[in-house]
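Here are the chains, one letter per residue:
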Amino acid sequence: MSFKLPSEIQVTSRQIPRWKRIPNTSIQSKPLMIYHKAFEASPSQLTAHLEEVGEVIPQWVYGMYSHTHYHSTTHEVLGVVSGQARLCFGGEENPGRFEADIEKGDLIIVPAGVGHRQLNELESGGEYFKMVGAYPKQKYWDMCYGEPGEEEKVRTIQELDWFHKDPLFGPDGPVLHIDK
């Protein structure tokens, strides 16, 4: 198990405009963030590390759904522990969407309201695409799809706290240095 220092990693940061009924980053202006090749760890090692840092609670190990969805009740932290995939953030028909090839060792910070889905799994030597999914303490994820009737849920995103520690690096890390 190894973790790079925050200064050693490349970070991609994107604001994604609202699209139809998917709010994306329009409510809190907190960006989608990808920490590229930030760690090398098994699912159990990453889970233990995230628990030790204590900002998020790991809840599952799985891939990503193939339909666009977002969460209105919490931000999401995804640590890729095997394989590669192409993901879409913001809604696949959104001209302001962001598509990224994600691989083992990447950590993704998905702000509440950002639509996300897996477009396809990429060849990666027989490894299936899997991530550790984690959420801030005392937060429980919901599923929203940009459908009528979700407007009240979208309004609650504004009230969510941002991270107090970086989920991977603890007291100092990229998620704490975004433009507010």
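Residues numbered from 1 in each chain as written. Predicted model: local features only at pLDDT ≥ 70, side-chain atom pairs only at ≥ 80, totals over all residues. Heavy atoms only, no water.

Naming follows an unreviewed UniProt entry, where the protein chain appears as Cupin type-1 domain-containing protein of Aspergillus clavatus.

## Side note on the overall build of the protein chain
The helix and strand inventory of the protein chain stands at two helices and 11 strands. In sequence order, the protein chain lays out its α and β elements as β-β-β-β-α-β-β-β-β-β-β-β-α. In terms of overall dimensions, the protein chain is globule-like: its C-alpha atoms have a radius of gyration of 15 Å, near the 16 Å expected for 180 residues. Principal-axis analysis of the C-alpha atoms places the extent of the protein chain at approximately 45 × 35 × 25 Å. A burial count over the protein chain gives 52% of its 180 residues as buried. Taking contacts inside the protein chain between residues at least 6 apart in sequence as the whole, the part at least 24 apart equals 78%. Summed over all atoms, the accessible surface of the protein chain reaches about 8,800 Å², with 48% contributed by carbon and sulfur. (Helix = DSSP H or I, 4+ residues; strand = E, 2+ residues; numbered from the N terminus. Rg over C-alpha atoms; globule rule 2.2 N^0.38 Å. Buried < 20%, exposed > 50% of the residue type's maximum accessible area, 1.4 Å probe, protein only. Contact = heavy atoms within 4.5 Å. Areas by Shrake-Rupley, 256 points an atom, 1.4 Å probe, with all protein chains shown as cover.)

## Overview of the sheet that holds strand β5 (residues 56-62)
Overall, antiparallel pairing links the six strands, which are arranged β2-β3-β9-β6-β11-β5 in an open sheet. A strand with exactly one partner marks an edge of an open sheet, and here the two such strands are β2 (10-14) and β5. Put simply, the sheet's adjacent strands are angled 20 degrees from each other on average, direction ignored. Sheet topology places β2 next to strand β3 (residues 32-36); five bridges connect them, and they run antiparallel. Across the sheet, valine 11 pairs through a bridge with tyrosine 35, a residue of β3. (Pairing = 2+ DSSP bridges. Axes fitted to C-alpha atoms, helices over the stretch in contact; angles between N-to-C directions.)

## As for the state of the cysteines
Inspection of every chain in the model, using the stated rule, returns zero disulfides. Distance from the sulfur of cysteine 88, which forms no disulfide, to the nearest cysteine sulfur (cysteine 144) is 17 Å. (Disulfide = S-S within 2.5 Å.)

## Brief notes about the packing of aromatic side chains
Per the stated rule, a full pass over the model turns up six aromatic pairs. Ring centres of tyrosine 35 and phenylalanine 169 lie 5.9 Å apart, and the angle between their planes is 15 degrees; this geometry places the pair in the stacked category. Linking tyrosine 35 in strand β3 with phenylalanine 169 in the segment after α2 (151-156), this pair joins segments that are 134 residues apart in sequence. With respect to class, tyrosine 35 is no different from phenylalanine 169; both count as buried. (Phe/Tyr/Trp six-rings, centres within 6.5 Å; stacked < 30°, edge-to-face > 60°.)

## Points about the layout of surface pockets
To find the voids left in a structure, one rolls a probe of water-molecule size over its atoms. Reported here for the largest pocket is a volume of approximately 180 Å³. Looking at the lining of the largest pocket residue by residue, the classes come out as four nonpolar, three polar and four charged. As a volume, the second largest pocket reaches approximately 150 Å³. As for the second largest pocket, its lining consists of 14 residues, of which Trp60, Gly63, Tyr65, Glu76 and Tyr135 are closest to the centre. Grouping the amino acids of the lining of the second largest pocket by side-chain chemistry returns nine nonpolar, four polar and one charged. (1 Å grid on protein atoms, 1.4 Å probe; cavity = no way out; pocket = protein on both sides within 12 Å on 5 of 7 lines; lining within 4 Å. Points joined across faces, edges and corners; volume = space filled by probe spheres on them. Nonpolar A, V, L, I, M, F, W, Y, C, P; charged D, E, K, R; others polar.)

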